[in-house]
Amino acid sequence: MEIVRPDSVAGVLDALASHPDALVLAGGTDTMVLVNAGALRPEYVISLRHVEDLKAWNARFIGAGVTYARLEESEIAALAELSRTVGSPQIRAAGTLGGNLGTASPAGDALPFLAAVDATIELVSKHGSRTMPWDEFLIGPKQNALEPAEIILGAHLPDDMPWRTAFAKIGVRQAMVISIASVCVTRNEAGETTVALGAVGPTVLRARRAEMMVSAEKDPDEAALDEFQRLVSEESRPITDHRSTAEYRRMAVGVLARRALERCLV
Amino acid sequence: MTTRADTEVGVAFGVGESAPRPDGIPKVTGHFAYASDLHAQDMLWGATRRAPHAHATITSVDVGPAVAMPGVHAVLTYDDLPAERFQGQIVTDQPVLADGTIRYWGEVVAIVAADDPTTARAAADAIEVEYEYLDPLTDVDEALAAGEVLREAVAYRGVRDVHGAVVVEATYETATQDQAPLGNEAGIAIPDGAGGIDVYGPTQWTHVDHEQIVACLGLRPEEVRVHPTGLGGAFGAREDLSLQTHLCLLALQSGRPVRMVFGRAESFAAHVKRHAARMYYRHEADLDGNLVRVEAKLLLDGGAYSMTSPAVVANAVGFAVGPYRCPNVFIDGYALRTNNPPAGAMRGFGAVQTGFAVESQMDRLAEELGMDPLELRLLNAIGPGDVLATTGQVITEPLPTREVIESVRAMPLPEDSISSDVRDLPGGTGLTTPSSVVVRGVGYAVGFKNLAFSEGFDDFAEARLTLTPVGIDIHTAAIEVGQGMVTVLEQIARTVTGVESVRVVFDHTSQIGSAGSTSASRQTQMTGGAVMRAAEQLRTEILEHYGAEALSNDGVWRNGELVVSLVEACLEREFSAHVRHRHQETDEPDENGQGNLHVDFAVSAHRAVVDVDPVLGLVKVVKIDTAQDVGFALNPMSVIGQIEGGTMQGIGLAIMEELVIDHGVVRNASFTDYLLPTFLDAPPVEAVLIEQPSSWGPFGAKGFAELPTISSTPAVVAALRAATGKALTRVPVRPEDIAF
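Basis of the calculations
- Residues numbered from 1 in each chain as written.
- Chains lettered and ligands numbered in written order.
- Predicted model: local features only at pLDDT ≥ 70, side-chain atom pairs only at ≥ 80, totals over all residues.
- Heavy atoms only, no water.
- Helix = DSSP H or I, 4+ residues; strand = E, 2+ residues; numbered from the N terminus.
- Rg over C-alpha atoms; globule rule 2.2 N^0.38 Å.
- Contact = heavy atoms within 4.5 Å.
- Areas by Shrake-Rupley, 256 points an atom, 1.4 Å probe, with all protein chains shown as cover.
- Lys, Arg positive; Asp, Glu negative; His and termini not counted.
- Charge placed at Lys NZ, Arg CZ, Asp CG, Glu CD.
- Pairing = 2+ DSSP bridges.
- Core = buried A, V, L, I, M, F, W, Y, C linked by side-chain atoms within 4.5 Å.
- Buried < 20%, exposed > 50% of the residue type's maximum accessible area, 1.4 Å probe, protein only.
- Domains from an automatic or database assignment.
- Buried area = accessible area lost by both parts, 1.4 Å probe.
- Salt bridge = Lys/Arg side-chain N within 4 Å of Asp/Glu carboxyl O.
- Polar contact = N/O pair within 3.5 Å; in protein donor to acceptor, adjacent residues only side chain to side chain.
- Nonpolar A, V, L, I, M, F, W, Y, C, P; charged D, E, K, R; others polar.
- pLDDT = per-residue confidence, 0-100.
- Axes fitted to C-alpha atoms, helices over the stretch in contact; angles between N-to-C directions.
- Phe/Tyr/Trp six-rings, centres within 6.5 Å; stacked < 30°, edge-to-face > 60°.
- Lys NZ or Arg CZ within 6 Å of the ring centre and 35° of its normal.

A.B. asks: Describe the overall build of chain B, and please don't skip the residues or the numbers.
C.D. replies: Of the regular secondary structure elements, chain B holds 18 helices and 31 strands. Computed over C-alpha atoms, the radius of gyration of chain B comes to 27 Å, within 12% of the 27 Å expected from 2.2 N^0.38 for 740 residues, which places it in the range of a compact globule. When its C-alpha atoms are laid out on the principal axes, chain B stretches across 75 × 75 × 55 Å. Long-range pairs, those at least 24 residues apart, make up 81% of the contacts in chain B between residues at least 6 apart in sequence. Of the roughly 25,200 Å² that chain B leaves accessible, carbon and sulfur atoms contribute 50%. One way to put it: in chain B the 52 positive side-chain charges average out to a point 1 Å from where the 98 negative ones average out.

Below is the structure:
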């Protein structure tokens, strides 16, 4: 196994051009599990750890190489909250936002946030860069729109970030657990609300009918919140697997969304 | 120059002190050699090929592609087995390699040895195996109907048609728990060049492994030496053979040392589990709360092979009524053969399953009677002189059932206020649960179990103590699995002899006789008892030889003067004492399961305080208090460590630990999805030690380390019932069990 450690995006793309089957490695918190299990036997590894460009982070952009340990310090409530739920301190020190995008699991903790704020994803190759909405990038369970010889540069956030955001996630222990349902809710001063759901569909989902309903409520009362909760559950598309049942996930994601919205209304 | 005063103040780190573990610093600093650290020159790597189905017929096996791979030195299947083709410590019914039928997921079809682990894995994968899939039998009621009984054990006492005025009836279930030891299975077998072999593998009892391996290799007993290895936990998972026979077969076939190290996923397939159980219970009491009649049918899922199921089901039956008086008892217990992964020993050994059911029944009965649940227990509690409800035997040793209940009741409860730190709320950092929705519950439970081996088993442990120029060596075949036996053996030898410089030498099977298994909470009393007696003999022999009255690190003392140093004594002659220690004989059960089946018992009580999000069904255990019957705490810190660890294992079973098995196939064979409690799930544990000395344990000590696991599970579930009003008849309690 050969490992190269370029220090620039151009260096990564050069290495990728000469080794199209290379494994691109960031934090390795998903990838190394597969390697250790023998499911992945890379011959050529391109490490991203020394690429400073990927670690850029500002109010409008989060580089693919930004770790959850850093994102825990974000001033955006939901971003800090979701980052705190990722694995253990060791995993948060290694795992990156780009990893969630690369793996594209519907349970990826950062993905409901990116969906809720309508982030766009920037990809880069030798032919230049392209930027696409999150829902064109995340196209199925563990499937994304990344082309060979292309890497994820990062996620762009909108200019007008919502006023309040909240994230919540259910797992069957207090920490270090894969989500069985998660939500991110945003609400701006005009009452416009978005809600994105994780681990209750083949990809991260937006509950558009619930959003529309509650965005029209300037000061949602109990009945409105009940209806919001009901619509979120209805719009989820969960399955039963070894982690939970579809019935529980459907119920729980509605409750989570309502509680997250209530945090945004305070 | 040492003065007499030094010997009079007593030896340092003797019994009753929190002496440090000799292996503590090496383990913390990474210098301790675990089984996975073993190497040998010219070593090959072994790998297994396991079946992906729970039940199938093997229609063809072609090892050709594996044999043809460069670097492959041995490929073996059932047809290559040289002697006995089946193994098992109680019943010899498990094929060493699959015998044409696959009876559980992960059964080993073939084994290979190759130059390196990658080649070994590739070779194992290259073997072409064709299966004809068969429907798996996975339900215990169906297995009982089909007559697939590994053992039936009963306890019949009293009169069947006597009834109580108050009746509670329910069915309880416990799911499959895994011991989940941090150390995966690993080992090495090294041919001795003369036809014999040395094997190092994960074990709790080398001598019982030895019997099975010898038979399967067709060698003479002295040609096989089973060595202990550094173990990263056991909890029962190492009571049955995992990779030892396979390593020996590959090493003898290739003529080279062979090593295997399993990954986490394979580890889940490689060791036995705690029996899943379905338990039908009916309790009857009079209007005052006196138990009149208990009837139960216990179905334990033994999986594909016997393993220790025959003993586990006997224990489940024996403790099915708890430490309570009851004149009329009718328990039918069955260990059933299914196509689920084989079940065997796990901390608590049958008493965990019935402990959950019977304590749940006591709460249900208290509610029906309108009684305080602890008062009901105190009313029916047994102690010395009382009769064990299931076997009819009289309790002759201390049994502080009332004391553990009263002690735990007297402990202060935590403050009522719900924490505002998210890590203390249900759902933790997931921010699922505002404190305004949280409901608190408090629950109690009692645990009860036998100590050491029962049912007439010839239970003994050997120890040999020898004087060395620097101190005393304690030779034993007893296995240290992390529990701290190594420390208490040293403490016992120090206190008895006065020599502080002692060490434990872990012998292989040809060097010393059996110590019995490190299980059944028995080693402190059994090997500890052997060490105490051998230490007494050694001390007497040395003192009589020199006409002296004391020993120390410096040597032998008479009238306050040093007579000889240890070096001088060792040069003069060999001083050594070898003891085989037995506990009092027990009976085999009669046809009604009656007799003095058990030599001794221990009890425990737990109180759990839980905070629950009743809408989402999420749980945070806030605090656990416990009182434990320990006889005498030889090492208080070690006792507390066992209580904390055992309690956490019980909390795990109560709220999260479940091997999810679907049509016989394990769906969560990883630590990503087999959830163990993390530090944030661990509540503070306060423990009161009840020290009523045992007549036969060293310095009055009793085994106890299974007990915290038995009473913590039902205490947590009782607290969840108090918080939610749900029946919660199954563990682990899942979020959906509370939410819906």
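There's more to say after this.
A.B. asks: Help me get a handle on the sheet that holds strand S13 (residues 193-198) of chain A, residues and values and all.
C.D. replies: Residue and element names in this part refer to chain A. Strands sit in the order S11-S12-S13-S14 across an open sheet of four strands; the sheet is antiparallel. Each of the sheet's edge strands pairs with one partner strand only, and the pair in question is strand S11 (164-170) and strand S14 (205-206). Note that S11 and strand S12 (residues 181-187) share seven bridges and pair antiparallel. Across the sheet, the residue bridging to lysine 169 is serine 182, located in S12.

A.B. asks: Describe the nonpolar core, with residues and values.
C.D. replies: Residues and elements named next belong to chain B. Tyr281, Leu298, Ile331, Ile655, Val716 and Leu720 are the most contacted members of the largest nonpolar core, which totals 94 residues. Per-element tally for this core: the top contributor is helix H10 (residues 351-369), with nine residues. Counting residues in hydrophobic clusters, the runner-up holds 45 residues, among them Val15, Val488, Val531 and Val599.

A.B. asks: Give a detailed account of the domain arrangement of chain B, specifying residues and quantitative values.
C.D. replies: Residues and elements named next belong to chain B. Per the domain assignment, the segments of chain B are domain 1 (4-32 + 460-582), domain 2 (36-135 + 206-261) and domain 3 (276-454 + 590-739). With centres defined by C-alpha atoms, the gap from domain 1 to domain 2 works out at 38 Å. Here domain 1 and domain 2 share an interface that buries about 1,200 Å² over both sides, 61% of which is from carbon and sulfur atoms. Together, Val481, His508 and Thr509 form the three largest contributors to the area buried by domain 1 at its contact with domain 2, with a combined 44%. Our enumeration of links across domain 1 and domain 2 arrives at zero salt bridges. On inspection of domain 1 and its partner domain 2, the count reaches seven residue pairs in polar contact (both at pLDDT 80 or more). Here the residues of the side of domain 1 that touches domain 2 sort into six nonpolar, seven polar and two charged.

A.B. asks: Now, about the confidence of the model for chain B: what can you tell me, with residues and values included?
C.D. replies: On average, residues of chain B score 96 in pLDDT, and 99% of them reach the 70 mark or higher. Segment residues 1-8 of chain B is flagged for pLDDT under 50; beyond a separation of four residues in sequence, or across chains, it makes eight contacts in the model.

A.B. asks: With reference to specific residues and values, describe the interface of chain A and chain B.
C.D. replies: Contacts between chain A and chain B engage 28 residues on the former and 38 residues on the latter. Across the chain A/chain B interface, buried area totals approximately 2,500 Å², and carbon plus sulfur atoms make up 61% of it. Along the contact surface separating chain A from chain B lie two salt bridges. Residue B:Asp673 is joined to A:Arg243 by a salt bridge in which the shortest nitrogen-to-oxygen separation is 2.5 Å.

A.B. asks: So what's going on with the sheet that holds strand S5 (residues 61-63) of chain A? Which residues, and what values?
C.D. replies: All names here are of chain A. Taking strand neighbours across the sheet as the criterion, the five strands line up as S4-S5-S10-S6-S7 in an open arrangement whose pairing is antiparallel. Strand pairing shows two members of the sheet lacking a second neighbour, strand S4 (57-58) and strand S7 (128-133), which therefore form its edges. Where strand S6 (residues 120-125) lies against strand S10 (residues 151-156), five bridges are found, and the strand directions are antiparallel. Bridge assignment links leucine 123 to a residue of S10, and that residue is isoleucine 152. Running over the sheet, helix H1 (residues 9-18) touches S6 and S10 and is turned about 145° from S10.

A.B. asks: With reference to specific residues and values, describe the environment of A:His127.
C.D. replies: Following the sequence through the fold, A:His127 ends up in the loop between S6 and S7. Linking A:His127 and A:Leu13, residues 114 residues apart in sequence, is a C-alpha distance of 9.9 Å.

A.B. asks: Provide a residue-level description of the packing of aromatic side chains, including the pertinent values.
C.D. replies: Residues and elements named next belong to chain B. All chains considered together, the criterion is met by 16 aromatic pairs over all chains. Ring centres of phenylalanine 32 and tyrosine 34 lie 4.8 Å apart, and the angle between their planes is 70°; this geometry places the pair in the edge-to-face category. Taken together, a centroid distance of 5.9 Å and an interplanar angle of 90° make the contact between phenylalanine 268 and phenylalanine 671 edge-to-face. With a gap of 403 residues between them, phenylalanine 268 in helix H8 (residues 264-270) and phenylalanine 671 in the loop between strand S29 (665-666) and strand S30 (685-690) connect regions that are remote in the sequence. On the accessibility criterion, phenylalanine 268 (2% relative accessible area) is buried. Taking relative accessible area as the criterion, phenylalanine 671 reaches 25% and is therefore assigned partly exposed. Each member of the aromatic cluster is reached from another via a ring pair, and the members are Tyr172, Tyr281 and Phe356. For the cation-ring pair, lysine 297 lies above tyrosine 280, with the distance from its terminal atom to the ring centre recorded as 5.3 Å. The aromatic ring of phenylalanine 453 is capped on one face by arginine 522, whose charged end is 4.7 Å from the ring centroid.

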